[in-house]
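# Understanding the architecture of this molecule
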Amino acid sequence: MKTLYFVANWKSNKTIQEAITWLQKISNLKSQISNLEESEIIVCPSFTLLPSMKAFLEEHQLPIKLGVQDVSPFEEGAYTGAINTKQAKEFVTHAIIGHSERRRLFHETDEDVIAKIKQVLAAEITPILCISDIAQLDHYLTESTTLVDNAEKIIFVYEPPGAISGGGAYRAEDPETANQNAGEIRKKIGKQVITIYGGSVNPDNRDALFGQEYIQGGLVGQASLDAETFIKLITNS
Ligand code: PGA
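Our subject in this report is the structure included herewith. The numbers attached to residues start from 1 for each chain and follow its sequence in the written order. Reporting in this predicted model follows two pLDDT cut-offs: at least 70 for local features of residues, and 80 or more for side-chain atom pairs to be given and counted; totals over whole chains, interfaces and linings ignore these cut-offs and use all residues. Processing note: side-chain calculations cover all non-hydrogen atoms of the structure and skip hydrogens and water entirely.

## Here we look at the site of the ligand
Where we set the bar: Whether a residue is near a molecule or strand is decided by its heavy atoms; if any one of them lies within 4 Å of it, the residue is near. Pairs of N or O atoms within 3.5 Å make up the polar contacts considered here, provided that, within protein, one atom can donate a hydrogen while the other can accept it, and that residues adjacent in sequence are counted only when both atoms are side-chain atoms. Throughout, the Shrake-Rupley method with a 1.4 Å probe supplies accessible areas, and for residues the shown protein chains are the sole cover considered. Classes in brief: Ala, Val, Leu, Ile, Met, Phe, Trp, Tyr, Cys and Pro nonpolar; Asp, Glu, Lys and Arg charged; the others, Gly included, polar.
Near the ligand, the surroundings consist of Asn 9, Lys 11, His 99, Glu 159, Ile 164, Ser 165, Gly 199, Ser 200, Leu 219, Val 220, Gly 221 and Gln 222. The contact in question runs from an oxygen atom of the ligand to an N or O atom on the side chain of His 99, over 2.8 Å. Gly 221 is positioned such that a nitrogen or oxygen atom in its backbone is 2.8 Å from an oxygen atom of the ligand. Considered on its own, the ligand offers 280 Å² of accessible surface; in the complex 99% of this is hidden by protein. When its residues are assigned to classes, the shell around the ligand shows three nonpolar, seven polar and two charged.

So, in structure tokens, the structure goes:
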């Protein structure tokens, strides 16, 4: 059985109280997720929620890891507004890097993405690298050997921007095409890397997607915000 990775990308949602309520609901169903073999659950909330969530997870011994949705491309220092990997590392084990919303809305470049990957790897945080299409991966690979050199330490997400729900209707890419593209990422990297899929993953389409050879889980936005829906997604109930 392959390990399934469930990465919840909460984006710019939830207050501390809402995050704790979400965790309490998950905690009530702890037995369901504790029995899950071969799966890894990583929740990526806003920075402001991390201290309270970390404390809750430790207190209730939930099998959930934390990640950030972005990180500074620089080390600590005079970089107003930036949160660096040393700071993130106090709370998280994972970091989403290069999400298409960061690229489109916050003008993140290929160079930024590579610099962030380097920072994250140096801090021994696992990068969850979003790839919108194969051409973008080619750019990263031309830019730097970091991805190939560290491929085993990276979770690669194939996430076509057009498939992201944006909070609205779900329109995931068809599973065969998603699988082909995830497979293409492995081929380009030339190693047996972890590849997951993102974009409108929900409890109804998870089987069709996760049943594919190269799709080892999902980066989940909208369907992760509601605790019951997320539990349904990960437990396949
Ligand atoms: P979605 O978002 O599941 O709401 O489509 C996924 C993402 O953007 O990471």
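Moving on, there is more to tell.
## Concerning helix 9 (residues 175-189)
Put simply, the test is: What counts as a helix is a DSSP run of H or I of at least four residues, what counts as a strand is a run of E of at least two, and both are numbered from the N terminus. Expected span of a helix: the number of residues minus one, times 1.5 Å. Note on exposure labels: buried denotes an accessible area under 20% of the residue type's maximum, exposed denotes more than 50%, and partly exposed covers the range between, all computed with a 1.4 Å probe on protein chains only. Contact criterion: two residues are considered in contact whenever any of their non-hydrogen atoms come within 4.5 Å of each other.
In a regular helix each residue adds 1.5 Å, so 15 residues correspond to 21 Å; helix 9 covers 21 Å between its end C-alpha atoms and thus fits that length. For helix 9, the full list of buried residues reads Pro 175, Ala 178, Asn 179, Asn 181, Ala 182, Gly 183, Ile 185, Arg 186 and Ile 189. Contacts made by the buried residues of helix 9 are with strand 5 (126-131), helix 7 (134-143), helix 8 (146-149), strand 6 (155-158), strand 7 (194-198) and helix 10 (206-210). Looking at the residues trailing helix 9, positive phi occurs at Gly 190, about 80°.

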